[in-house]
Each structure stands twice: as C-alpha cells, then as structure tokens.
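Spelled out, the chains give:
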Amino acid sequence: MASLRPTCPTEAPPTLGSAPVTPRTHNSVIGGLRACALASTSMEHMRDPEGLSATLHNRRGELSMAEEAKKPPTESGGDNASGASASERGVAPIKPQVVSGNTAEVHVGDCHIYLTTKEQFHQFLEAKREKLQQETEAGDPCGHDLAEPEAKRIRREDGQVEDGQAEDGQAQQVAESPQQPPTQKRARGQNKGRPHMKPTHYDKTRLCPSLIQGSTARCFFGDRCRFLHDVGQYLETKPADLGPRCVLFETFGKCPYGVTCRFAGAHLGPEGQNLVQEELVARWADRQLVRNGLDKALQQQLRKRKVHFERAEHALRWLSQGQLPDPAPAGAVPGATASEGTPGQSDRDAQQAPAGPNAGCPPSMPVQTCGPLTDEDVVRLRPCEKKRLDISGKLYLAPLTTCGNLPFRRICKRFGADVTCGEMAVCTNLLQGQMSEWALLKRHQCEDIFGVQLEGAFPDTMTKCAELLGRTIEVDFVDINVGCPIDLVYKKGGGCALMNRTAKFQQIVRGMSQVLDVPLTVKLRTGVQERVNLAHRLLPELRDWGASLVTLHGRSREQRYTKLADWQYIAQCAKAASPMPLFGNGDILSFDDASRAMKTGVAGVMIARGALLKPWLFTEIKEQRHWDISSSERLDILRDFTSYGLEHWGSDTQGVEKTRRFLLEWLSFLCRYVPVGLLERLPQKVNERPPYYLGRDYLETLMASQQAADWIRISEMLLGPVPPSFVFLPKHKANAYK
C-alpha cells in the first residue's frame, strides 16, 4: 500500500519542477503527531467538553499504533507495503483522522494529515456532493451542472438496474451506497457479463444521415430508410446541449454532425443551418489527421473473399514443406491477378484488389495495375535491405487493450512518448473486414513512430493478414502478440500459448517476415507457468527467424500481476538476444524505475500500466524528476482527452457516450495514483494499493475515489449529465471496490 506522509508549514510543498521530496524520519513524525494530537485534543474539548475522555482514549491508542509502526516500510510492495491500518505490516506512521470543516485536509494542530478511513472518505465526498447539489438547485453562479439524473439516483439508492442491463451481483456493485460495508473481499478477474449498452441506444429518434450531410434532395437509403426525415420533430425530442462550445467547429471550422451535435448551439444559424468558418476549413483541407481507415471497396472484397494473397500463399507452401520461403516469382504482382481455382473472377474485380505498384497509397485511391513494370514490382527486398527499426533508448508506449485508444495515445505523445502501438487486433476479424477491428489500426498524424499489434494462432491467417496490412496501411512496424494471458485467446492457441507451440510460432514469424516490407517485432512473457521460463530459449531462435526486436514482459501467464516483474531474468534475456535489441516491460512508474531498468542492459523500456496511472510519466523520465502535478492540471488532461475523443468518435450522442465510456475505463486506473506531495516515501510503486486519503482539495479527493459513481461524476464535469438509463461497470472487477 502506498504510504502517505504529513506535511507541516515549515516544510514547503514540492513545486512543479522541484527535486524529489526527502522524507523525514519516523521519530520526528511521531513527535510531531504527539504534539499535534495534544493541541487538537484541547481544541476538540472546547467544542465538545463531554467527549473529552473518549477523545483522549482514542488518541492514546492512535499514538501507540504509530509508535509500533516505526519500522521503515519494505521495498517489496504489494500487501507488505506501508498502509493505513495498524493491523497491516509496514504501516506508515500516520494516524487515522476525522473530517472537520469544509476543507479536504484534516487539521491536527499545526500539521495537515491526509490519511483517513474508508468510511470517512466516502462521508466527506457525500457531504461535498450534497452541498454542490444544493448550490446547483439554488443556481450555481459557475454554471456547473453536477447533479445526477433522477433515474440514476433512484437506481443507486434502490440497488436496481433496468432489465437486461446487468446481473444482480454487478448491479449491486454499481448501485450499492458508500456507507454499506463490503460483504466479501475485493473481487478479481474480468466483469465478463457486465452490462454493455451500445451508444446508439441513447438516441430514441435518429436523424437520417443524408440530412446531416446536407443531401436533402435524395436519401442515401431510398425507400428502405428507417431514419427520421423531419428535422423539427427531431429537435423536439433531442436532449439539451451539453455546452456552448463545439470542439470540432472551433478546431476545423465545420462540424460534420450538424443539428445532431450535442453542442449544436455553437454552430447553428438562426434558421437552423450549419455554419462554416471558411478560413479554418481551407487550412485543414489538404491535411490528413487520421490514416489507416478501411475503404468500403476493400471491405466488400474481404467479406466476399475476393482478395488474393499471392505472396502469403507462396511463403506458406514453402513453410509447409519445411523449407525457407523463396522470393515471389518474378513478374507476379501480388493481388493483381486472380488465383487458380476461382472461376467467375472478372478483370474489374482483379483491378480493384488492394495491391500492386501503388501498395503504399491509401486504400481510398484506385490501384494502378497497368503501365511499365519497375524493379519494385518484380524484385523482393532481401532481409538486409528492409527498413531498420532503430528505437533504442526511446520510450515505448505499450499496446493497451481498451484504454490504448487513439485519443489516449495523443495524450501520451504530448507528454513525451516516442513510440506508440495500436491496440491488439485479431487477424481473423481483420480478414473478415470488421470495421470495429480496423478502427484499432488508425494512426494520428502526431504518431511519428507507429506500429500495429496482431493476434492469431495459425500461420495462414497471420501471414495473409500481414500481407494485407503491408499493402493497405502505413505503419513503421508490425508486432506479434505472444503475451496475452486471457483464456479467450490462450485456449485458441494464441497469445502466450504460442510459446509452447514452437513449430507454429516459427512458421508465423517466418511467414510474416517474408511478406512484410517493414520490421517485424514480437512481444512475449517469461513463460506460461510461473517457475518455467521459456523466453531465454526462444530469443535466439526469434533472431534467426526474422524478428527485428523483441519486448519481454517480466511475468509469466500464471503470475499475471500478483508479483513483481523479474528484471534479473530480463537482464539475462537481453544477453541471450544480443545483437537483436530487447525492450523490457514491467512495474515502471517513475524515472527511478526506468533508470534501474536501463541498467539491466535492455535497449529500452516499454511502459504500460504506468502510463495509465500517470501519462506524464514520460515527462518525468525524460526530465529525471518527480512531478507533483495538481488536481487542476490532471483535470485539464482529462478535458484534453474528451476533446480528442469528440474529434475521433464524434460530437453527436453516440460519439459523446463512446468518449465517456473510454474516459471511465481510464479513470478506473487513474484513481490509483497517489500525489507526490502526499507520499511519505518516494516513489510510488505500481503494485502498491493506494490507501484512502483526503487530498489537498476536493477535486484531488474526488479523483482518488475508487467508486464508479464518482468516476461518472467526473465525466459529468466534462461531458455533461449522463443519460437516464446510463450504467457503467469497469472492465476489471478489481478496478472498482468499496
């Protein structure tokens, strides 16, 4: 558990660019607490003389508990780290306290003590919420609408969720009041049956896209259209605007969502027309912010299985015979001609195949299949001629499922991430043309070094998918996921299971390396079982199979996140992989952790959970300092995320609720961060469970809450009130507990 420290007026709080805070000795803390306790006791006696004896009795017990905790906290982290209760081992010498006044800090004499109990923590937030609600009902001069919708309050108080929304146990976790004591220990694993409500559900009446895009004369769907065509009727049922500013209108000069935008008041004229700022529109006309989209023509071909993979099939034939694949036959343009055994294939379909000399062009552009042949058409690159991936010493943001979306990667790039990678994409879904899976491959223009990660269990699908991506999207590298531990992937032979299927693993790496013109990387764990390491034996083989770089997560599949990452084993693997670069991954939450990791001989570090807890970690590593970031600065980061989300997912109801959902998933990790100014021992460890504490202001306390209801309240500050039927349950059970 992270340890918190008391701060006194004689000790100035750390500033934005200050050096690491030096913790005081435990004896001085005990002495200060004893003096503060006596001073506070006399003050409480003046307010409540009848409760003096009980107060003195409680203070003696608290001081004795603090004296028993003089032993410095251990460095092992986990359950043995310092915490808030005297019954735990390695408890920080800070006593519990009672909330007094209207401030978040608890004043005991001249000291400001932040550590508190769970009950007092939630009582403070509930009291503050009721006060803000009363101010809102009386007319908040700031214009902040923080009140919850009536339907959500009733559901939380009664413990009820609409039919089909959630199971009984999950609904209880969402609706349980903060004062009710927990009946079981903290849950683990995934909320596999959590309520999933599509963002389109919140739109009772949806306006026809033809009207939104200005095509009033002709409907895109003709007589089969099921959408609303009466704008006046739509406006009668449309919810109120969420704010006076539209991010899309202010940034790009035009909002493509028109009247359906939840901030439409910023860009609608007196007659309901969509306003346009011509100067801004012209500035962005020739700039492509997001690349790697799925073309409709390509999607239709993938669904009808009319895309052919000449190079992949050629490589697979050689690999099935136990031989190394040779270059493709000269004069054969992959994907431009129909393969044998496919009757009825017209020349027009062959010309529309997404391959040919212009393989690097965006998929929306027509593919040129005529003209003179060049060396690029008939000559394959040798392995030594491939583009090199030189990212040694750079900070690598790990591919993060759900939370590693494009808006979040933009946040990390702004704070100094050098290399980014898209979320894990399943190769079979990509080959089927699923739009939701192709959305994981999108790349923002700020991502200068960007790769995609593929997951699959068989050489044919992985090799074909690699060829498809190599000729349709723009990436700097392709990564193979050999580290996913979840059962859904593992039981199908993918993820960590490939470490035990070396024959298939070899064919996947060799086949993908043969059809790709960009470097191929691999991300894997130490092994499947906890005490049976496999990585050191696979690394030399991966180097020979064609991998350009390997990232090693210092945990096994069985271990998950229950113990610390094994950096000694990572150092051993770095020597075994040489001269192939190896990146290390695991338990990096400060620049101290990154510095120790680089001393093991790795080429660089990959940051995963550390970026979710504090995306400014990249700045801390590059500037070698602890950043005591304020709650207002953290709120500004969340506000930027919502702006990026509205740009990426849209500003209509569907886009707003999708942005809210990903924001809430991220907040389930952000709540684990403990501010530097409150820590007694620096730095915070990634496996330390944060105690209940009261921050230096209300917002800092609210951000420390581990309840989903408080995360929803933060989202309402940025995206307005949630819909009446809104339900949220985090992806992991351990991310929201009471």
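**As for the overall build of the protein**
Broken down by element type, the protein carries 28 helices and 12 strands. Counting only residues that meet the buried cut, the protein has 54% of its 738 residues in that class. Across the protein, every contact between residues at least 6 apart in sequence was considered, and the portion connecting residues at least 24 apart equals 70%. Carbon and sulfur atoms form 51% of the exposed surface of the protein, whose accessible area is close to 34200 Å².

**Considering the pairing of strand β7 (residues 450-455)**
For β7, the tally of buried residues reaches six of six residues, placing the bulk of the element in the interior. Side chains of β7 alternate between two faces, with Phe450, Val452 and Leu454 and Gly451, Gln453 and Glu455 buried alike. Relative to β7, strand β5 (residues 420-426) runs parallel, the two sharing five bridges. When the bridges of β7 are listed, Val426 appears paired with Glu455. Remark: the β7/helix α17 (residues 459-472)/strand β8 (residues 477-482) crossover connection has right-handed handedness.

**Focus: the pattern of salt bridges**
Under the defined criterion, the tally for this structure stands at 27 salt bridges. The partner of Glu279 in a salt bridge is Arg283, with the nearest N and O atoms 3.8 Å apart. Residue Glu279 and its partner Arg283 are located together in helix α9 (residues 278-284), separated by four residues, close to a single helical turn. With a relative accessible area of 48%, Arg283 lands in the partly exposed category. Note that Arg291 and Glu474 form a salt bridge whose closest N and O atoms lie 2.9 Å from each other. Remark: Glu474 occurs in the loop between α17 and β8 and Arg291 occurs in strand β3 (residues 290-291); sequence separation between them is 183 residues. Connected through salt bridges with shared partners, the residues Arg555, Asp587 and Arg609 form a single ionic network.

**Here's the deal with unusual backbone geometry**
With an omega dihedral of 10 degrees, the bond running from Ser578 to Pro579 counts as a cis peptide bond. Here Pro579 is to be found in the loop between α21 (567-577) and β11 (582-585). Note the cis peptide between Leu682 and Pro683, where omega equals -5 degrees. In this structure, Pro683 sits in the loop between α26 (653-670) and α27 (698-703). Phi is positive for Asn292, which is not a glycine, with a value near 70 degrees. Here Asn292 is to be found in the loop between β3 and α10 (296-303). We classify Asn292 as buried; its relative accessible area is 5%. A positive phi angle is found at Gln624, which is not glycine, with a value near 55 degrees.

**Quick word on the sheet that holds strand β12 (residues 604-607)**
Taking strand neighbours across the sheet as the criterion, the eight strands line up as β4-β12-β11-β10-β9-β8-β7-β5 in an open arrangement whose pairing is parallel. Looking along the sheet, the strands with just one partner apiece sit at the ends: β4 (395-397) and β5. Averaged over all neighbouring strand pairs, the angle between strand axes comes to 25 degrees, with direction disregarded. Alignment of β8 against strand β9 (residues 520-525), held across five bridges, turns out to be parallel.

**Some thoughts on the packing of aromatic side chains**
Applying the stated criterion across every chain, the model contains 11 aromatic pairs. Where Phe415 meets Trp627, the ring centres are 6.1 Å apart and the plane angle is 65 degrees; that geometry is what we call edge-to-face. Linking Phe415 in the loop between α14 (406-414) and β5 with Trp627 in the loop between α24 (617-623) and α25 (631-649), this pair joins segments that are 212 residues apart in sequence. An aromatic cluster of at least three residues, connected via ring pairs, comprises Tyr396, Phe477 and Phe583. Of note, Lys128 hangs over the ring of Tyr698, and the distance from its end group to the ring centre comes to 5.5 Å. Sitting over the ring of Phe662, Arg661 keeps its end group 4.9 Å from the ring centre.

**Re the packing of helix α20 (residues 535-545) against α21**
Interaxial distance between α20 and α21 falls to 9 Å at its minimum, and their mutual angle equals 25 degrees. Here α20 lies roughly parallel to α21, going by the angle between them. Relative to α21, the crossing made by α20 is right-handed. Two secondary-structure elements touch here, α20 through Ala535, His536, Leu539, Pro540 and Arg543 and α21 through Tyr569, Gln572, Cys573, Ala576 and Ala577. Of the residues that constitute the contact of α20 with α21, the class distribution is seven nonpolar, two polar and one charged.

**Brief notes about the nonpolar core**
Soluble globular proteins: nonpolar side chains tend toward being buried together. Core analysis: the largest hydrophobic core is formed by 150 residues, its most contacted members being Trp438, Leu582 and Leu638. Of the residues forming this core, the biggest block, eight residues, is contributed by α26. Those residues in contact with Trp438 that lie beyond four places of it in its chain are Asn292, Leu294, Leu298, Leu302, Leu430, Gly433, Leu468, Leu469, Thr472 and Ile473. Counting eight residues, the second largest nonpolar core, distinct from the first, contains Cys208, Leu211, Cys219 and Val259.

**A few points about α17**
With 14 residues, α17 should reach 20 Å at 1.5 Å per residue; the first-to-last C-alpha distance of 20 Å fits that figure. Burial analysis of α17 places 11 of its 14 residues in the buried class, the great majority of the element. The set of residues buried in α17 consists of Pro459, Thr461, Met462, Thr463, Cys465, Ala466, Glu467, Leu468, Leu469, Arg471 and Thr472.

**A short note on the pairing of strand β10 (residues 549-553)**
With five of five residues buried, β10 is to be regarded as a mostly interior element. Burial along β10 is two-sided: the residues Leu549, Thr551 and His553 and Val550 and Leu552 are all buried. Sheet analysis places β9 next to β10, joined by five bridges and oriented parallel. Bridge assignment links Arg525 to a residue of β10, and that residue is His553.

**Notes on the confidence of the model for the protein**
Averaged over all residues, the pLDDT of the protein equals 74, while 65% of them reach at least 70. A low-confidence stretch, residues 140-184 stays under pLDDT 50, and its non-local contacts, those more than four residues away or across chains, total 75 contacts.

**Structural notes on the packing of helix α11 (residues 310-320) against α17**
Put simply, α11 and α17 touch, their axes get as near as 8 Å, and they point 145 degrees apart. Here the hand of the crossing between α11 and α17 comes out right-handed. When α11 is examined against α17, the residues Glu310, Arg311, Ala312, Glu313 and Leu316 are found in contact with a partner set consisting of Pro459, Asp460, Thr463, Lys464 and Glu467. Among the residues forming the contact of α11 with α17, the class breakdown is three nonpolar, one polar and six charged.

**A look at the state of the cysteines**
Applying the stated criterion across every chain, the model contains zero disulfides. Here Cys496 is not disulfide-linked; the sulfur of Cys484 is the nearest cysteine sulfur, at 7.2 Å. Exposure remark for Cys496: the relative accessible area of 0% places this residue in the buried category.

**Regarding the environment of Ile508**
Turning to its location among the elements, Ile508 is positioned in helix α19 (residues 502-515). Here the alpha-carbon distance between Ile508 and Met462, two residues 46 residues apart in the chain, equals 6.5 Å. Discounting chain neighbours no more than four positions away, the residues touching Ile508 are Gly456, Ala457, Phe458, Pro459, Met462, Ile480 and Leu498.

The rules behind each value
Residues numbered from 1 in each chain as written. Predicted model: local features only at pLDDT ≥ 70, side-chain atom pairs only at ≥ 80, totals over all residues. Heavy atoms only, no water. Helix = DSSP H or I, 4+ residues; strand = E, 2+ residues; numbered from the N terminus. Buried < 20%, exposed > 50% of the residue type's maximum accessible area, 1.4 Å probe, protein only. Contact = heavy atoms within 4.5 Å. Areas by Shrake-Rupley, 256 points an atom, 1.4 Å probe, with all protein chains shown as cover. Pairing = 2+ DSSP bridges. Right-handed = clockwise from strand over helix to strand, strands pointing away. Salt bridge = Lys/Arg side-chain N within 4 Å of Asp/Glu carboxyl O. Axes fitted to C-alpha atoms, helices over the stretch in contact; angles between N-to-C directions. Phe/Tyr/Trp six-rings, centres within 6.5 Å; stacked < 30°, edge-to-face > 60°. Lys NZ or Arg CZ within 6 Å of the ring centre and 35° of its normal. Parallel < 35°, antiparallel > 145°, perpendicular 65-115°, else oblique. Left-handed = near helix turned anticlockwise from the far one by under 90°. Nonpolar A, V, L, I, M, F, W, Y, C, P; charged D, E, K, R; others polar. Core = buried A, V, L, I, M, F, W, Y, C linked by side-chain atoms within 4.5 Å. Expected span 1.5 Å × (residues − 1). pLDDT = per-residue confidence, 0-100. Disulfide = S-S within 2.5 Å.

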